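# Examining the three-dimensional arrangement
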Amino acid sequence: METITSRTNQHLKHARQVRNGKVPGEFFVEGMRLTKELLRSPIRPAAFFVADEFVLQNQELVDNIRGTVPVYFVSNSIFPSISDTKTPQGIAAVCFKPSDANERLNKAVQNPDPVSVLLLHRIS
């Protein structure tokens, strides 16, 4: 476990690039609800970023993610630098896009059976 105290840390720089959509094959997840959904899904996280205050209030969740992928503890004053929200909850993850995501989407769209496909981009 690494504690990050500088905005210029390489891991935070990478997280911001992913958040901004500049890293092909990776995407950014932020917040408690989306993190819990991520942990129930087959999507593989690459790393978690957790604010100091979040750890104190959510120790069980932090314990669940430890040991699976790198977990970086980020000071409360630095965490907003990677956040995409006005009031960050204190947890975020960089994830690998599933390798078959485009194939699955194309198959769903071309399926002759009635299928609903909802695409969202840059929503808040």
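Residues numbered from 1 in each chain as written. Predicted model: local features only at pLDDT ≥ 70, side-chain atom pairs only at ≥ 80, totals over all residues. Heavy atoms only, no water.

Check the secondary structure of the chain and you find five helices and five strands. Summarising its shape, the C-alpha atoms of the chain cover approximately 50 × 30 × 25 Å along the three principal directions. Considering the chain as a whole, with its 124 residues, one finds that 36% of them fall into the buried category. For the chain, the proportion of contacts with a sequence separation of at least 24, taken over those separated by at least 6, is 66%. Looking at the chain as shown, the accessible area adds up to about 8,500 Å², and 50% of this sits on carbon and sulfur atoms. (Helix = DSSP H or I, 4+ residues; strand = E, 2+ residues; numbered from the N terminus. Buried < 20%, exposed > 50% of the residue type's maximum accessible area, 1.4 Å probe, protein only. Contact = heavy atoms within 4.5 Å. Areas by Shrake-Rupley, 256 points an atom, 1.4 Å probe, with all protein chains shown as cover.)

The next point concerns a nonpolar patch on the surface. Residues Leu 105, Val 109 and Leu 119 make up a contiguous nonpolar surface patch of about 290 Å² in total accessible area. Looking at the element boundaries, Leu 105 is found in helix α5 (residues 101–110). For Leu 105, a relative accessible area of 31% puts it in the partly exposed group. (Patch = residues over 30% accessible without salt bridge, like charges linked within 9 Å, V, L, I, M, F, W, Y side chains within 5 Å. Salt bridge = Lys/Arg side-chain N within 4 Å of Asp/Glu carboxyl O.)

Glancing now at the pattern of salt bridges. Under the definition given, this model contains two salt bridges. In this structure, the salt-bridge partner of Arg 66 is Asp 63, at a minimum N-O distance of 3.8 Å. Note on Arg 66: relative accessible area 31%, which makes it partly exposed. Judged by its relative accessible area of 40%, Asp 63 is partly exposed.

The next thing to look at is the nonpolar core. Formed by 32 residues in total, the largest nonpolar core has its most connected members in Phe 49, Val 50 and Phe 54. Looking at this core, the elements with two or more residues in it are α1 (10–19), β2 (26–30), α2 (32–40), β3 (45–51), α3 (52–57), α4 (59–65), β4 (71–74) and β5 (91–96). When neighbours within four sequence positions are excluded, Phe 49 is seen to be in contact with Ile 4, His 11, Leu 12, Ala 15, Tyr 72, Val 74, Phe 79, Ile 82, Gly 90, Ile 91, Ala 92 and Val 94. (Core = buried A, V, L, I, M, F, W, Y, C linked by side-chain atoms within 4.5 Å.)

Another point: α1. Taken residue by residue, α1 has Leu 12, Ala 15, Arg 16, Val 18 and Arg 19 as its buried positions. Taken down its axis, α1 places every buried residue within 160° of arc, on the same side. Elements that come into contact with the buried residues of α1 comprise β1 (2–4), β2, β3, β4 and β5. Where α1 begins, the side chain of Asn 9 points an oxygen toward the backbone nitrogen of His 11, at a separation of 2.7 Å. Remark: Gly 21 follows α1 within two positions and exhibits a positive phi of approximately 75°. (Arc of directions from axis to C-beta. Polar contact = N/O pair within 3.5 Å; in protein donor to acceptor, adjacent residues only side chain to side chain.)

Turning to the sheet that holds β1, a few remarks are in order. If you walk across this open sheet you meet the five strands as β1-β4-β3-β5-β2, and the pairing is mixed. What marks the edges here is a single partner per strand, and that holds for β1 and β2. When the angles between neighbouring strand axes are averaged without regard to direction, this sheet yields 25°. Here β2 runs beside β5; their pairing, made up of five bridges, is antiparallel. Pairing of Glu 26 across the sheet is with Phe 96, part of β5. (Pairing = 2+ DSSP bridges. Axes fitted to C-alpha atoms, helices over the stretch in contact; angles between N-to-C directions.)

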